[in-house]
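These are the residues of each chain, in order.
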Amino acid sequence: MASEPIKTGGKVEPLRKTRPCPECGKPSSREHYPFCSDRCRTLDLSRWLNGSYAIPVAEDETKADGSDERE
């Protein structure tokens, strides 16, 4: 059995399971994971920067705790 030369300098990337793009539902691509394209990635970033994605905040902290106790 002849030995083959060892290849060096190769780029190794772990494989990820393909999943639906959060924007359009198409299968994700390796370069833009978890999105399918640069367009979908840019749309998502734009929504974050414009404040479309926000965590709702309760005005009154007692309502946030779920306690309705009154003193």
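Refer to the structure printed above.
Residues numbered from 1 in each chain as written. Predicted model: local features only at pLDDT ≥ 70, side-chain atom pairs only at ≥ 80, totals over all residues. Heavy atoms only, no water.

A.B. asks: Even after reading the chapter, I still don't get the overall build of the chain, so can you show me in this structure?
C.D. replies: Counting its regular elements, the chain contains 2 helices and 0 strands. Here the contacts in the chain between residues at least 6 apart in sequence split such that 5% fall between residues at least 24 apart. On the chain, roughly 7,100 Å² of surface is accessible, and the fraction owed to carbon and sulfur atoms is 52%. (Helix = DSSP H or I, 4+ residues; strand = E, 2+ residues; numbered from the N terminus. Contact = heavy atoms within 4.5 Å. Areas by Shrake-Rupley, 256 points an atom, 1.4 Å probe, with all protein chains shown as cover.)

A.B. asks: I tried to follow helix 1 (residues 38-50) on my own but got confused; where do I start?
C.D. replies: An α-helical segment advances 3.6 residues per turn. Residues three or four places apart therefore align on the same side. If you check helix 1, its first and last C-alpha atoms are 18 Å apart, about what 13 residues at 1.5 Å a residue would give, namely 18 Å. Backbone geometry just after helix 1 places Gly 51 at a positive phi near 85°. (Expected span 1.5 Å × (residues − 1).)

A.B. asks: What exactly am I supposed to notice about the environment of Lys 17 here?
C.D. replies: Along the chain, the position of Lys 17 falls in the segment before helix 1. Taking relative accessible area as the criterion, Lys 17 reaches 74% and is therefore assigned exposed. Note: C-alpha distance between Lys 17 and Pro 34 (17 residues apart in sequence) is 9.7 Å. In contact with Lys 17, not counting residues within four places along its chain, are Ser 28 and Tyr 33. (Buried < 20%, exposed > 50% of the residue type's maximum accessible area, 1.4 Å probe, protein only.)

A.B. asks: Even after reading the chapter, I still don't get the environment of Cys 36, so can you show me in this structure?
C.D. replies: Turning to its location among the elements, Cys 36 is positioned in the segment before helix 1. Here Cys 36 falls in the buried class, since its relative accessible area comes to 17%. With 17 residues separating them in the primary sequence, Cys 36 and Arg 19 have C-alpha atoms 9.2 Å apart. Excluding residues that lie within four positions of it along the chain, Cys 36 makes contacts with Cys 21, Cys 24, Lys 26, Pro 27, Ser 28 and Ser 29.

A.B. asks: I would appreciate a short explanation of the pattern of salt bridges in the present structure.
C.D. replies: Once the charged atoms of two side chains with opposite charge are near each other, the side chains can pair. The tally for this structure, following the rule as stated, stands at 2 salt bridges. A salt bridge links Glu 23 to Arg 47; its shortest N-O distance comes to 2.4 Å. Within this pair, whereas Glu 23 is found in the segment before helix 1, its partner Arg 47 is found in helix 1, the two being separated by 24 residues in sequence. Glu 23 gets classed as partly exposed once you look at its relative accessible area, which sits at 23%. (Salt bridge = Lys/Arg side-chain N within 4 Å of Asp/Glu carboxyl O.)

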